[in-house]
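# Examining the three-dimensional arrangement
Spelled out from the first residue to the last, the chains are:
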Amino acid sequence: MKQSRIFRWIGAGLCSAAFLTLAVGTFSVATLCDVAQVVAQDEEAGGDEAAASSNEQSLLMWTYTSLGPLYSFVFLGISFALVALGFKYFLALRRAQNIPPGLAEQFETLLNERRFQEAYEMTKNDDSYLGQVLSAGLAKLASGYDKSVQAMQETSDNISMGYEHGLSYVGLIAGTATMVGLLGTVHGMIMSFQVIATSVTAPKPNELAGGISTAMFTTMVGLVVAIPALVLFQVLKNRLSRTIFEVGVISEDLLGKVLASAQKK
């Protein structure tokens, strides 16, 4: 079970790396195509029409120019982290991963057959959320029901804390993307005001456009990253809450059946 979980994490990382490679490759190819197109237009066309064509930029090239290398790589890194965490916790918080479909039924069957040791060994060797909680409760069963419930609660809290710690980074990404976008907005406006302050005559609109473009595009890209991150954080948080609740209900119900079965013995 532990090896299969490791393989799932590796698969999630490979998917994230593939996504990043695809994004970078697509961006690079599109950028090179734009540059090649402009060069070809300069060589083939002449006069004013060629000059006008060489000044035209695609939206992708304009976005990269406005963001600059620094903001581009920062947002790319943030996006990569978001995709990697999204893959990881969508896999980790699946119901089948935390509450295996046949575990409760097999456990109850062993109880009905009074095979208590086999039931304990089965949960001890199961690294799922439910398996770890049941194993902790059964290990303390000799100390009484209250101790068993307390052990299960502590184990559940420990597992859920690990999940919550990881999910907090998704929320951090949302906040960071927004703040980086705001930083770019302020930076772009400073660039435009600097042109105004240092210009002897009234600056032309195209001289102010660079700073304004930086301000607008960093804000837009920051929101484009932050909004999905916020949605993902809330979805995963709700899924975790539901998993914790279901594990608590199922584990306490099975523990009660263990005690009832032991008393009949």
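Residues numbered from 1 in each chain as written. Predicted model: local features only at pLDDT ≥ 70, side-chain atom pairs only at ≥ 80, totals over all residues. Heavy atoms only, no water.

Inspection of the secondary structure puts S160 in helix 8 (residues 145-198). Under the relative-accessibility criterion, S160 is labelled buried at 7%. Looking at S160, its side chain comes within polar contact range of the main-chain oxygen of D157, at 3.0 Å. When near neighbours in sequence (up to four residues on either side) are disregarded, S160 contacts Y129, L240 and I244. (Helix = DSSP H or I, 4+ residues; strand = E, 2+ residues; numbered from the N terminus. Buried < 20%, exposed > 50% of the residue type's maximum accessible area, 1.4 Å probe, protein only. Polar contact = N/O pair within 3.5 Å; in protein donor to acceptor, adjacent residues only side chain to side chain. Contact = heavy atoms within 4.5 Å.)

All of the buried residues along helix 5 (residues 103-112) are L103, A104, F107, L110 and L111. Seen from one end, helix 5 has its buried residues packed into an arc of 130 degrees, which puts them on one side. Directly after helix 5, the chain includes R114, whose backbone phi takes a positive value near 60 degrees. (Arc of directions from axis to C-beta.)

This part takes up the packing of helix 6 (residues 116-124) against helix 7 (residues 129-139). Between helix 6 and helix 7, the least distance of the axes is 8 Å, while the angle of their chain directions is 135 degrees. If you check the angle between helix 6 and helix 7, you find them oblique. Relative to helix 7, helix 6 is oriented so that their crossing is left-handed. Touching A119, Y120, T123 and K124 of helix 6 are G131, L134, S135, L138 and A139, all from helix 7. Taken together, the residues of the contact of helix 6 with helix 7 break down into five nonpolar, three polar and one charged. (Axes fitted to C-alpha atoms, helices over the stretch in contact; angles between N-to-C directions. Parallel < 35°, antiparallel > 145°, perpendicular 65-115°, else oblique. Left-handed = near helix turned anticlockwise from the far one by under 90°. Nonpolar A, V, L, I, M, F, W, Y, C, P; charged D, E, K, R; others polar.)

Among the nonpolar cores identified, the biggest contains 43 residues, and L82, Y89, F107 and Y163 are the most heavily contacted of them. Within the residue set of this core, elements represented by two or more residues are helix 3 (59-92), helix 5, helix 6, helix 7, helix 8 and helix 9 (205-264). By residue number, the principal contributor to this core is helix 9, which donates twelve residues. Not counting the four nearest positions on each side in its chain, Y89 is found in contact with G162, Y163, G166, L167 and L236. (Core = buried A, V, L, I, M, F, W, Y, C linked by side-chain atoms within 4.5 Å.)

On inspection of all chains with the given rule, the structure shows two salt bridges. Among the salt bridges present, the one from R95 reaches E246, with a minimum N-O distance of 2.8 Å. Here R95, found in helix 4 (residues 95-98), pairs with E246, found in helix 9; they are 151 residues apart in sequence, far enough to count as distant. Residue E118 pairs with R115 through a salt bridge whose shortest N-O separation is 2.5 Å. Judged by its relative accessible area of 42%, E118 is partly exposed. With relative accessibility at 34%, the residue R115 sits in the partly exposed group. (Salt bridge = Lys/Arg side-chain N within 4 Å of Asp/Glu carboxyl O.)

Within the element layout of this structure, L103 appears in helix 5. The spacing of L103 and G131 is 28 residues in sequence and 7.8 Å in space, taken between C-alpha atoms. In this structure L103 touches M122, D126, S128, L130 and G131, once residues within four positions along its chain are discounted.

Attention now goes to the confidence of the model for the chain. For the chain, the average pLDDT comes to 77, and 76% of its residues sit at 70 or higher. Considering only residues more than four positions removed or in separate chains, one finds that residues 1-56, a stretch of pLDDT under 50, has 41 contacts. (pLDDT = per-residue confidence, 0-100.)

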